[in-house]
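# Summary of structural features
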Amino acid sequence: MERIVLHIDMDAFYASVEQMDRPELRGKPVIVGGTSHRGVVSAASYEARKYGVRSAMPIYEAKRKCPHGIFVPVRMARYQEVSHEVMHILERYSPIIEQVSIDEAYMDISGLERLFRSPAELGARVKQEVRDRTSLGCSVGIAPNKFLAKIASEFRKPDGLTIIPPGEAQSFAARLSIERVPGVGKKTVDRLKGMGVSQLGHVRNLQERVLLRAVGKFGWTLLAFSVGEDDSPVVPYSEAKSISSEETFEENTDDLKVLQKELLHQAETVGRRLREKGLAGGTVTLKLKRADFALITRSMSLGKPTDSTNTLYETALRLLQDGDLSGKFRLIGLGVSRLAHAVEGQEQMSLFLDDRGKESSWKSAEKAMDNIKKRFGKDAIKRGGLL
């Protein structure tokens with residue numbers, strides 16, 4: 001059976017959701033990421049991109065480039081809700097779907113020509129159903145493999161549909177600018193251009209040992225890509241490796257109480273996500289970024305995996321207090337890794353509570369808080385420490 005892969009990429013997803021929910025924002029430069037000068041841009045509408053605003057750009061720079069832009073905060077819960085709806089639409093066409101981020105996914109559509117006249121018809125139907133059911137635009141790429149399908153989806157953004165037939169895969173890949181190849185960063189681009197490689201096909205002009213010395217084992221991947229080949233499968237599901245949350249402060253701070261309060265907020269967020277997914281984590285990581293952008297991370301492994309907000313907070317607080325708190329900080333975050341499926345009623349281990357009953361009662365309270373927030377909104381109930 002001839003392999004066919006579809007890649008779907010939602011167009012300016014966060015910003016488009018904001019414009020969908022608030023019609024007065026349509027046609028205007030919307031920048032998602034916050035209303036202060038701190039932090040970075042999470043997404044920008046195409047109207048804002050005309051002024052040079054891009055994702056991951058510092059907010060202060062985005063305001064300089066687009067002073068009349070409309071800056072709005074991130075509403076992750078809403079974006080996840082719309083993302084789930086898009087994935088449900090894809091499930092109507094194929095059971096083999098790999099969601100790689102909140103706004104993009106691969107779909108193996110091999111053999112579906114029996115149901116649809118052509119890949120082009122299938123791609124058009126997917127695009128139309130997404131627009132009909134969510135009012136959002138997306139770009140679709142269809143090709144013999146994941147590498148080319150992703151490249152194709154980026155080719156005619158926004159609202160694009162690009163198909164690379166199997167017979168054109170090699171010639172298409174060979175002409176591809178080296179900057180557009182997934183996994184090739186700026187330093188690698190500079191290194192390869194210094195060796196005469198400006199298009200992907202040029203890597204075949206290099207001796208293998210020269211290419212491997214320059215980019216390591218990734219050279220084998222580039223050689224395969226250069227002839228339009230990619231054997232990586234569409235993987236329907238993969239376990240999350242970690243769950244984390246972080247926050248950039250409005251102003252740099254050295255106030256321990258501010259750090260502790262924000263850490264509690266992060267523990268609540270991460271704990272709730274763990275419980276929603278039925279997971280527990282075995283390693284807690286504290287992340288701090290100083291005013292000069294120096295990054296500090298410290299981790300502690302637990303005796304048993306936990307999904308308890310209280311345990312996450314206590315562990316992260318211990319890491320915070322044991323570290324060097326001199327100077328001011330611009331960001332704090334908390335993450336959990338070594339994830340495992342939580343067992344209902346399992347005994348959680350606290351490093352700082354001798355009274356196991358106290359932790360058990362906290363877990364009951366946390367579940368009750370989760371239910372209240374799910375029903376009435378995340379601000380319906382708060383811990384006293386967050387007031």
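Structure report, in brief. Note that residues are indexed from 1 along each chain, following the sequence as it is written. Selection of residues for local features in this predicted model requires a pLDDT of at least 70, selection of side-chain atom pairs for listing and counting requires 80 or more, and totals for whole chains, interfaces and linings are taken over all residues. Think of the side-chain values as coming from all heavy atoms in the structure, minus any hydrogens and water.

## Describing the overall build of the protein chain
This is how it is decided: Only runs of H or I of at least four residues qualify as helices and only runs of E of at least two qualify as strands under DSSP, and these elements are numbered from the N terminus. Burial classes: relative accessible area under 20% of the type maximum marks a residue as buried, over 50% as exposed, and values in between as partly exposed (1.4 Å probe, protein chains only). Whether two residues touch is decided by their heavy atoms; if any such pair falls within 4.5 Å, the residues are in contact.
Helices and strands together make up the secondary structure of the protein chain, namely 13 helices and 12 strands. Burial statistics for the protein chain: of 387 residues in total, 46% are counted as buried. Pairs at least 24 apart in sequence give 66% of the contacts found in the protein chain among residues at least 6 apart.

## Some remarks on the pattern of salt bridges
Once the charged atoms of two side chains with opposite charge are near each other, the side chains can pair. Condition: Just to be clear on terms, a salt bridge is a Lys or Arg side-chain nitrogen sitting within 4 Å of an Asp or Glu carboxyl oxygen.
Within the structure shown, the criterion is met by 20 salt bridges. When the shortest N-O distance is used, the salt bridge between R22 and E24 registers 3.1 Å. Judged by its relative accessible area of 44%, E24 is partly exposed. Among the ionic pairs, K287 bridges to E246, the shortest N-O distance being 2.8 Å. Taken as a pair, K287 in strand β10 (residues 279-290) and E246 in strand β9 (residues 242-253) lie far apart in primary sequence, 41 residues in all. Looking at E246, the relative accessible area reads 42%, which means it is partly exposed. Where salt bridges share partners, they join E18, D21, R75, R78 and E81 into one cluster.

## Some remarks on the packing of aromatic side chains
Selection rule: Ring geometry is summarised as follows: Phe, Tyr and Trp rings, the Trp one being its six-membered ring, pair when their centres sit within 6.5 Å, and such pairs are stacked at plane angles under 30 degrees, edge-to-face over 60 and tilted between the two. Put simply, a charge is over a ring when the Lys NZ or the Arg CZ is close to the ring centre, within 6 Å, and near the line of the ring normal, within 35 degrees.
All chains considered together, the criterion is met by 5 aromatic pairs. Where F13 meets Y14, the ring centres are 6.1 Å apart and the plane angle is 55 degrees; that geometry is what we call tilted. Centre to centre, the rings of Y14 and Y79 are 4.2 Å apart; their planes meet at 15 degrees, and the pair counts as stacked. Here the residue Y14 occupies a position in helix α1 (residues 13-21), and Y79 occupies one in helix α4 (residues 76-91), the gap between them amounting to 65 residues. Neither Y14 nor Y79 differs from the other in exposure class; each is buried. Ring pairing ties together the aromatic residues F13, Y14 and Y79, which thus form one cluster. The side chain of R49 reaches across the aromatic face of Y46, ending 4.5 Å from its centre.

## Some remarks on the sheet that holds strand β11 (residues 295-306)
Worth spelling out the cut-off: Two strands pair under a simple rule: DSSP has to find at least two bridges between them. For every element, the axis is a line fit to its C-alpha atoms; helices are fit only across the contacting stretch, and the angle between N-to-C directions ranges from 0 to 180 degrees.
Read from one edge to the other, the open sheet built from 4 strands follows the order β9-β12-β10-β11, with strand pairing classed as antiparallel. Across the chains shown, the open sheet's two edge strands, defined by having one partner strand only, are β9 and β11. Ignoring strand direction, the axes of neighbouring strands in this sheet form an average angle of 15 degrees. Pairing of β10 with strand β12 (residues 329-341), which is carried by 11 bridges, proceeds in the antiparallel orientation.

## Here's the deal with the pairing of strand β6 (residues 104-108)
β6 sits mainly inside the fold: 5 of its 5 residues count as buried. The alternating pattern of β6 places E104, Y106 and D108 on one face and A105 and M107 on the opposite face, and all of these are buried. One ladder, built from 5 bridges, connects strand β1 (residues 5-10) with β6; its direction is antiparallel. Opposite I8, over in β6, you have A105 as the bridge partner.

## Details of the packing of helix α9 (residues 208-215) against helix α10 (residues 218-226)
Working note: a packed helix pair is described by the angle between its axes plus the distance between those axes. Applied cut-off: These descriptions rest on fixed angle ranges, namely under 35 degrees for roughly parallel, over 145 for roughly antiparallel, 65 to 115 for roughly perpendicular, and the rest for oblique. Here the term charged refers only to Asp, Glu, Lys and Arg, the term nonpolar to Ala, Val, Leu, Ile, Met, Phe, Trp, Tyr, Cys and Pro, and the term polar to all other amino acids, Gly among them.
One way to put it is that α9 packs onto α10 with a least axis distance of 8 Å and a crossing angle of 120 degrees. If you check the angle between α9 and α10, you find them oblique. Of the residues in α10, those touching α9 at E208, L211, L212 and V215 are F218, G219, W220, L222 and L223. Taken together, the residues of the contact of α9 with α10 break down into 7 nonpolar, 1 polar and 1 charged.

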